[in-house]
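Given next are the chains, with one letter for each unit.
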Amino acid sequence: DEVQEVVHFPAAAHPPGAALECTYIKIEQVEKTHAVVLSRPSWLWGAEMGANEHGVCIGNEAVWGREEICDDEALLGMDLVRLGLERADTAEKALTVIVDLIEKYGQGGNCMESHMVFTYHNSFLIADRKEAWVLETSGKYWAAEKVEGGVRNISNQLSITTKIDREHPKLKEYAKSKGWWDGEKEFDFAATYSYVNTARMTTSRGRYSEGYKLLNKHKGSITSEIMMEILRDKESGINMEGGFMTTGSMVSVLPQQPNLPCIHFFTGTPDPARSVFKPFIFVPNITQLLKTSSPTFGHDDPVKKQPRFQNKPDRRHELYKKHESAAVVMETIEGQGKEMLKEIQELEKQKISEMESVLQNGCLDVNQAVNLFSQCVEEELKIY
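Residues numbered from 1 in each chain as written. Predicted model: local features only at pLDDT ≥ 70, side-chain atom pairs only at ≥ 80, totals over all residues. Heavy atoms only, no water.

Q: I'd like to hear about the packing of helix H7 (residues 318-332) against helix H8 (residues 334-361), residue by residue, with values.
A: The N-to-C vectors of H7 and H8 enclose an angle of 125°; their axes lie 6 Å apart at closest approach. Judged on the interaxial angle alone, H8 and H7 are oblique. The two elements H7 and H8 meet at a crossing, and its hand is left-handed. Across the interface between the two elements, Ala-326, Val-329, Met-330 and Thr-332 of H7 pack against Glu-334, Gln-336, Gly-337, Met-340, Leu-341 and Ile-344 of H8. (Axes fitted to C-alpha atoms, helices over the stretch in contact; angles between N-to-C directions. Helix = DSSP H or I, 4+ residues; strand = E, 2+ residues; numbered from the N terminus. Parallel < 35°, antiparallel > 145°, perpendicular 65-115°, else oblique. Left-handed = near helix turned anticlockwise from the far one by under 90°. Contact = heavy atoms within 4.5 Å.)

Rendered as structure tokens:
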């Protein structure tokens, strides 16, 4: 029941020495931040995934391993996603931003809006128009792999094995001191820092291997539509149901030609199987994304008060509320539900083909692009 909102923050300049309040802690602000679009749980500062105006995209996943998880409040993995996007104009620079911040401030704190504590370490998928990286962490230790081709995915386990392109300077030394690695055999990050049998990683029945199989099946011909299909796949567990549910999804197209715009599709609603992927393109003076922005509670927010999470305010934005009642119709009134689903699917198809023609003809109407996402939300609301 976690509400994800889709929000846009323009580029900004900040005075020297300014402080920045993240979810739990304050850190030093930088002089200049890039424009970002984020899909984020509405109770926190950071984001599960997002993009910036330079075509950098980051998504994160919870991972667990041998290293103890610190319960102290520090930066959430989701804060690190937003900080990487706001502060870096390439994928590799975003990786550097994230690891430097982990070194300085650490990662930690409750990752759900509840007095029950749920904590984890983080892995990140970071991409721009030219390259992609996977960054995986275990406390303050980390390994990064440059993706050289093919397909690559992350899930709730460490997945970097022996191809390590950047690493924490004491990554191996620490593993040796803990008795996890003998210093003799080839160093395998996932095998050493977690309990994963890396030889069986892509063949077992977990979400990681299922995601890899779905991507691999379409290797070399993945379109935004195929990617959406994969994110909608329930059998694989990619589209999660039950106690943990997929509450927001994102697909980005990052053309290598610099004259073409990057296109980012967001649902802003749970269960992608009955959601619309709505396009967003960075242009100046974007219309505020009001219908996918949750109410804010300032200093009265239960997340900001100590002890935290004493109650849970209603964080549903307008699109979420309408989608929620539509979901009930889809489940209970067969004819009407089918009709509604058909209409939202048609809306999405229409938007995808509009975006394809932008990419083919290289002609973007900037005046239309300022309302692109908001307009699509309006059309979706009309269907509901």
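Back to the write-up after that little detour.
Q: So what about the environment of His-14? Which residues, and what values?
A: Looking at the secondary structure, you find His-14 in the loop between strand E2 (12-13) and strand E3 (19-21). In this structure His-14 comes out as partly exposed when scored by relative accessible area, which is 21%. Linking His-14 and Lys-32, residues 18 residues apart in sequence, is a C-alpha distance of 6.1 Å. Apart from residues lying up to four places away in sequence, His-14 is in contact with Gln-29, Val-30, Glu-31, Lys-32 and Thr-33. (Buried < 20%, exposed > 50% of the residue type's maximum accessible area, 1.4 Å probe, protein only.)

Q: Explain the pairing of strand E11 (residues 141-147) to me, using residue names and the numbers behind them.
A: Most of E11 sits out of view: six of its seven residues are buried. In this structure, the hairpin formed by strand E10 (residues 132-138) and E11 is closed by a connection of two residues, where Gly-139 is found at a positive phi of approximately 65°. (Pairing = 2+ DSSP bridges.)

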